[in-house]
Amino acid sequence: MYSPGAEPPGVPHLVILPGLDATGTQHAAFCAALREHGVASTVIAYPVDRPLGYAALEAFVRQALPATQDYVLLGESFSGPLALAIAAQPPPRLRGMVLSTTFARSPWRALRAAQAALYRAPVRLLPMPILSWWLLGRWSTPALRAALAAALARVDADVLRTRAAAVLGVDHTVYATRVVLPSLCLHARNDRLLPGHCQRHLSRLLPAQCVRWFDGPHLLLQTRPQVAAAEVAAFVHSLT
């Protein structure tokens, strides 16, 4: 939840909408790096015990956004479509949007027929070596793997299934084309989960945006916190 008073005068606050686990527990290094650049940040954690789709989560996030402070919204991975929906109909104090390793339209639309099966999928049986290969790549460390495992363990299996099924069916392309706020897209060259064409598709949709590509995996903010924070902070400061 947002708490005012931490940001330097005149600098927008950064509000982070996290990836699939959405616990807000994997961004400590990124938020610390932001502070070094004079940007205060908050992660909005989603309920770990309520299976909510994109529409319900959008309503949840809108209620948690700052009402009295200018801010920039960052949508990471799963939360990119949420950021797009909010930025397309922006609240009064929203000044810009950052999108990190995310998409406007499901990267796996061909698997949409399997959407119903996901509600019965044994999501806890995926071994950590596979998750690490997908999400962390060669940047994997014991600490990052432990943080990922702990975050996923906090979330009910039904919640993870519901979010994964929501990703298969989402198409927020129309929202992306309506965003007129300044936007920054962070893409990862070594993303094994999200195809590069999805990242490029997202960049082409946004009318007012800049794009930065990094060497890094899908969990870019966790594995490259310093370089990602420097880019995001420069963007936030440009909005003052």
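Residues numbered from 1 in each chain as written. Predicted model: local features only at pLDDT ≥ 70, side-chain atom pairs only at ≥ 80, totals over all residues. Heavy atoms only, no water.

Glancing now at the overall build of the chain. Counting secondary structure elements, the chain contains 11 helices and six strands. Taken over 240 residues, the chain has a buried fraction of 53%. Sequence separation of 24 or more characterises 80% of the internal contacts of the chain that already satisfy a separation of 6 or more. About 10,200 Å² of surface is accessible on the chain, with carbon and sulfur atoms providing 57% of the total. (Helix = DSSP H or I, 4+ residues; strand = E, 2+ residues; numbered from the N terminus. Buried < 20%, exposed > 50% of the residue type's maximum accessible area, 1.4 Å probe, protein only. Contact = heavy atoms within 4.5 Å. Areas by Shrake-Rupley, 256 points an atom, 1.4 Å probe, with all protein chains shown as cover.)

Quick look at the packing of aromatic side chains now. With the rule as written, the count across this model stands at two aromatic pairs. Both rings, one in Tyr46 and one in Phe60, keep their centres 6.4 Å apart while their planes meet at 85°; by these two values the pair is edge-to-face. Note that Tyr46 is positioned in the loop between strand 2 (41-43) and helix 2 (54-64) and Phe60 in helix 2, a separation of 14 residues in sequence. Between Tyr54 and Phe78, the aromatic rings sit 4.8 Å apart at their centres with planes inclined by 20°, giving stacked as the arrangement. Taken together, the residues span a long stretch of sequence, with Tyr54 in helix 2 and Phe78 in the loop between strand 3 (71-76) and helix 3 (80-88) at a distance of 24 residues. For the pair formed by Tyr54 and Phe78, the shared burial category is buried. (Phe/Tyr/Trp six-rings, centres within 6.5 Å; stacked < 30°, edge-to-face > 60°.)

In this section: the pattern of salt bridges. Tallied over the entire structure, the rule returns six salt bridges. For Asp70, the salt bridge is made with Arg95, and the minimal N-O distance between the two is 3.3 Å. Placement of Asp70 in the loop between helix 2 and strand 3 and of Arg95 in strand 4 (residues 94-100) is noted, with a sequence separation of 25 residues between them. Look at Asp70 and you get partly exposed, because its relative accessible area is 23%. When its relative accessible area of 31% is taken as the criterion, Arg95 is described as partly exposed. What you see here is one network of salt bridges that share partners, running through Asp70, Arg93 and Arg95. (Salt bridge = Lys/Arg side-chain N within 4 Å of Asp/Glu carboxyl O.)

We now examine the pairing of strand 4. Among the seven residues that make up strand 4, six are buried, leaving the element largely enclosed by the rest of the structure. Pairing between strand 3 and strand 4: six bridges, direction parallel. From the neighbouring strand, Val72 faces strand 4, where its bridge partner is Gly96. Taken together, strand 3, helix 3 and strand 4 form a β-α-β motif whose crossover is right-handed. Here strand 4 runs beside strand 5 (residues 183-188); their pairing, made up of four bridges, is parallel. (Pairing = 2+ DSSP bridges. Right-handed = clockwise from strand over helix to strand, strands pointing away.)

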